[in-house]
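Residue-level structure breakdown
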Amino acid sequence: MDDRFADQRVIRSLLHDAGTWVFVGLSDDPQRTAYDQAERIQSRGKKIIPVHPAGKPVLGEPGYTSVAEVPVKADVVAIYRRSEFAGEVVDDDLAAGAGAVWLPIGVIDEAAAQCALDAGLDVVMDRCPAVEWALRRNP
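Residues numbered from 1 in each chain as written. Predicted model: local features only at pLDDT ≥ 70, side-chain atom pairs only at ≥ 80, totals over all residues. Heavy atoms only, no water.

**Brief notes about the nonpolar core**
To keep it simple, the criterion reads: Think of a nonpolar core as a cluster: buried Ala, Val, Leu, Ile, Met, Phe, Trp, Tyr and Cys residues, connected wherever their side-chain atoms sit within 4.5 Å. Exposed residues in this analysis have more than 50% of their type's maximum accessible area, buried residues have under 20%, and partly exposed residues fall in between, with area computed by a 1.4 Å probe over protein chains only. Labels follow the DSSP assignment, with helices taken as runs of H or I lasting at least four residues and strands as runs of E lasting at least two, numbered in each case from the N terminus. Note on contacts: a residue pair qualifies if any of its non-hydrogen atoms lie within 4.5 Å across the two residues.
Judged by nonpolar contacts, the single largest core of 24 residues is most densely connected at Val22, Val24, Val77, Ile79, Val101 and Leu103. Elements with a minimum of two residues in this core: strand 1 (20-24), strand 2 (47-51), strand 3 (76-79), helix 3 (86-96), strand 4 (100-103), helix 4 (110-118) and strand 5 (122-125). What Val22 contacts, discounting residues up to four positions off in sequence, is Ile49, Val51, Val70, Ala74, Val76, Val77 and Ala78. Residues Ile11, Leu14, Ala78 and Trp133 belong to the second largest nonpolar core, which totals 22 residues.

This is the structure:
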């Protein structure tokens, strides 16, 4: 994988400027990585929106069963699903008008990421938001 999916300018912009993060795959299980990352993003003043088939509230926010159901435009859609489902989620993101896609460490689908880039979305892939924040020493 090349650096087109780890552009430092894009990472910095998403971490600092994106206010609404949709977390696909976020459940109410605090042992899951998505929960930990959503909690960290929320603690930095960002709005998080859980998307999971169960549609349950998570971290005090109402849950939805799909990106299409989310009533606001997402600045970032973080895809905490297995790589083989990333393309389907990216298609949903494009249809919903998302601004960016973040695929965390281990979620790799270059074709889906390139599709999002080609559609004009910012894309970060195989990176952890918490690690990237720590590298920038954000408060």
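**Focus on the pattern of salt bridges**
Here is the rule we go by: Salt bridges, as used here, are contacts in which a Lys or Arg side-chain nitrogen is within 4 Å of a carboxyl oxygen on Asp or Glu.
All told, the structure shown has six salt bridges when counted by the stated rule. For Glu110, the salt bridge goes to Arg4, with nearest N and O atoms at 3.3 Å. Of this pair, Glu110 sits in helix 4 while Arg4 sits in the segment before helix 1 (8-17); the two residues are 106 residues apart in sequence, bridging distant segments of the chain. Judged by its relative accessible area of 32%, Glu110 falls in the partly exposed class. The exposure class of Arg4 is partly exposed, given its relative accessible area of 35%. Taking the shortest distance from any N to any O, the salt bridge between Glu132 and Arg127 comes out at 3.8 Å. The exposure class assigned to Glu132 is buried, which follows from its relative accessible area of 5%. Relative accessible area serves as the criterion here: at 24%, Arg127 is assigned to the partly exposed category.

**Side note on the sheet that holds strand 3**
Threshold: A pair of strands is treated as paired once DSSP finds two or more bridges between them. Only the stretch in contact is used when fitting a helix axis, every axis being a line fitted to C-alpha atoms; angles between N-to-C directions are given from 0 to 180 degrees.
Sheet architecture is open: five strands sit in the order 2-1-3-4-5, paired in parallel fashion. Two strands close off the open sheet at either side, each with one partner strand: strand 2 and strand 5. Each neighbouring strand pair of the sheet contributes to a mean axis angle of 20°, computed without reference to strand direction. Pairing analysis gives four bridges linking strand 4 to strand 5, with the strands arranged parallel.

**Concerning the pairing of strand 3**
This is how it is decided: By convention, a crossover is right-handed whenever its connection, traced from the first strand over the helix to the second and viewed with the strands pointing away, goes clockwise.
Burial along strand 3 is two-sided: the residues Val76 and Ala78 and Val77 and Ile79 are all buried. The pairing of strand 1 with strand 3 spans four bridges and is classified as parallel. Looking at the pairing, Phe23 lines up with Ala78 of strand 3. For strand 3 and strand 4, the ladder comprises two bridges, and the chain directions are parallel. When the bridges of strand 4 are listed, Ala78 appears paired with Trp102. Crossover connection from strand 3 via helix 3 to parallel strand 4: handedness right-handed.

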